[in-house]
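# Breakdown of the fold
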Amino acid sequence: MSFMQGFIFLSTLSATSRLGVRAFAAVAEPQTCTTKATGGAGVHVPIGKDGEGEYTASTKGCFDVIDTATPLVLNEIEKQKLRPFGVGSAAYHIADYGTADAGTSLGLLSQMIQAVRDRSEDDDKEVVLHYEDQLTNEWQSVFNHALGLKSVSDAYGKLIPHPYALKNVFIEACGVGFHNQCYPSNSIDFGVSFTAMHWLSRFPSSLKGTEYMHAARCDESPHPEKEQAASDWVAILKARAKELAPGGKFVCVNFCKDSNGYFLGQTDVGASMWDSFQSSWDKLKEQGLIDEEERLGVSFPNYYRRKEEFMDAFEDDEISAQLKVVSIEERVVRCPYRELYTSGKSNKTPREYAEWFTPTTKTWSHSTFKSALRSERNEEEKEKIMSQFWENYMSLVEKNPEVHGMDYVHAYIVVEKVE
Ligand SMILES: C[S@@+](CC[C@H](N)C(=O)[O-])C[C@H]1O[C@@H](n2cnc3c(N)ncnc32)[C@H](O)[C@@H]1O
């Protein structure tokens, strides 16, 4: 990141600092980020304009994933030893890594604050929420959501409380990227991360020129993606090992390829989202909109690790000396859009369903598909092709809505820093 980028980023957030909110990004030591593509920036590009909160508005399944993890998180707080007061802050520090626009975790963070206060028998206990994501994140929406300036509801229309209302809560933001150390050593009491750490720190792009778009679709994981995922996971754990206070916890809910071979959008229920992506993308060529190189040009820079691949990193001496795995389990969370449609509760026509469901697949994939288009094409031309791609997908969904959904397949990993 250049000095100017850092300056603009901090300036953008200066209005929020007047509200008692602090933010920082990787301006001081750019060399700490260079090996990690400035915190992975560009690997995942948010859709929508900053401040609109399109991610939270279109990603209702992530609320269910976080709800599924909530008992696990609260149980760990209940068991956690209280940190003795030392020199410096007596506040409890929670970090949400890869938070996106902070909307989906609002409810959990509110519950965590309450649990910490119950645990410490102090209703006024100060809690610091550290929102972490890439420097290109939708930061304005983070503050809109966390401060309660924009309301948030889940897939079922339930309004989610925002943590700032609980008082003595301090909101901070960090744009360093989770492959790097984001916080001072021994400073974080509890880290959480949902549906984020499958994004790699750089683009292996080994699937360009092949019929596969994603490593999970290959019978054998392609080496460049597999190796990048392994070294990234080691970097992620080493960074958390430094940041966590002794006795601190890290709950990482990460996409995986499970023991049945299921992964995001491809389980025992319904059509494979990846088959639908493929046929909708291929159709662009039949429609004369892209050429063969572009058709084969999609290669997702993310990786769904298997359970063994998560565990391998704990063989590393530096990691095993500091972190222990409390538990790891795989779970499937069904697509709430499809469940609401098939149960008749959504009251939507097939076309309305297609327009409602498809954006949840778009929030995270749009930029990768778009990057397969020739660089000579201008922005307007690229977006026109992308609109047709999403129209192709919606037409497919509309024909047979009940089979289209995006089931979530995650590993729920609980880690503790040894004391
Ligand atoms: C699918 S969203 C998940 C958001 C939220 N945690 C949830 O569960 O709804 C994935 C997020 O990971 C973030 N991300 C990807 N690579 C990252 C990196 N290297 N460092 C920090 N965040 C990253 C993306 O910017 C995006 O906001």
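Anyway, here's the lowdown on the structure attached to this text. These numbers were taken from a predicted model, which means no experiment stands behind them.

## Some words on the packing of helix H10 (residues 273-286) against helix H17 (residues 379-399)
- With their axes 9 Å apart at the nearest point, H10 and H17 run at an angle of 130° to one another. Regarding the angle of H10 to H17, the classification is oblique. Considering how the two elements wind past one another, H10 and H17 form a crossing that is right-handed. Across the interface between the two elements, Ser-276, Ser-279, Ser-280, Trp-281, Lys-283 and Leu-284 from H10 touch Ile-385, Gln-388, Phe-389, Asn-392, Tyr-393 and Leu-396 from H17.

## Quick notes on the pairing of strand E3 (residues 127-132)
- Counting buried positions along E3 gives five out of six residues, so the element sits mostly inside the fold.
- Relative to E3, strand E2 (residues 92-97) runs parallel, the two sharing six bridges. Looking at E3, one finds that Ile-94 is bridged to Leu-129.
- In terms of handedness, the path from E2 via helix H7 (residues 106-120) over to E3 forms a crossover that is right-handed.
- As defined by bridge partners, E3 adjoins strand E4 (residues 169-174) across six bridges and the pair is classed as parallel. Residue pairing in the sheet places Val-128 in a bridge with Phe-170 of E4.

## Description of unusual backbone geometry
- Phi is positive for Glu-121, which is not a glycine, with a value near 50°.
- Mapped onto the elements of the fold, Glu-121 is located in the loop between H7 and E3.
- Within the chain, Asn-186 stands out as a residue other than glycine whose phi angle is a positive 60°.
- Of note, Asn-186 is situated in the loop between E4 and strand E5 (188-194).

About the thresholds
For every chain, the first residue of its written sequence is number 1, and the numbers climb from 1 along that sequence. Two thresholds apply to this predicted model, a pLDDT of at least 70 for residue-level local features and 80 or more for giving and counting side-chain atom pairs, whereas whole-chain, interface and lining totals are computed over all residues. Think of each axis as a best-fit line through the C-alpha atoms, taken over the contacting stretch in the case of a helix, with angles from 0 to 180 degrees between the N-to-C directions. Under the DSSP-based scheme used, a helix requires at least four consecutive residues in state H or I and a strand at least two consecutive residues in state E, with every element numbered from the N terminus. Geometric relationships in this document are graded by angle, where less than 35 degrees denotes roughly parallel, more than 145 denotes roughly antiparallel, 65 to 115 denotes roughly perpendicular, and other angles denote oblique. Less than a right angle of anticlockwise turn of the near helix away from the far helix marks a crossing as left-handed, whereas a clockwise turn marks it as right-handed. Any residue pair is listed as a contact if its two C-beta atoms, each placed from the backbone, are within 7 Å. Buried, partly exposed and exposed are defined by the number of other C-beta atoms within 10 Å of a residue's own C-beta, namely 20 or more, between the two limits, and 12 or fewer respectively, with C-beta atoms placed from the backbone. By the convention used here, strands pair only if DSSP detects at least 2 bridges between them. The path from the first strand over the helix to the second decides the hand: if it runs clockwise while the strands point away from the viewer, the crossover is right-handed.

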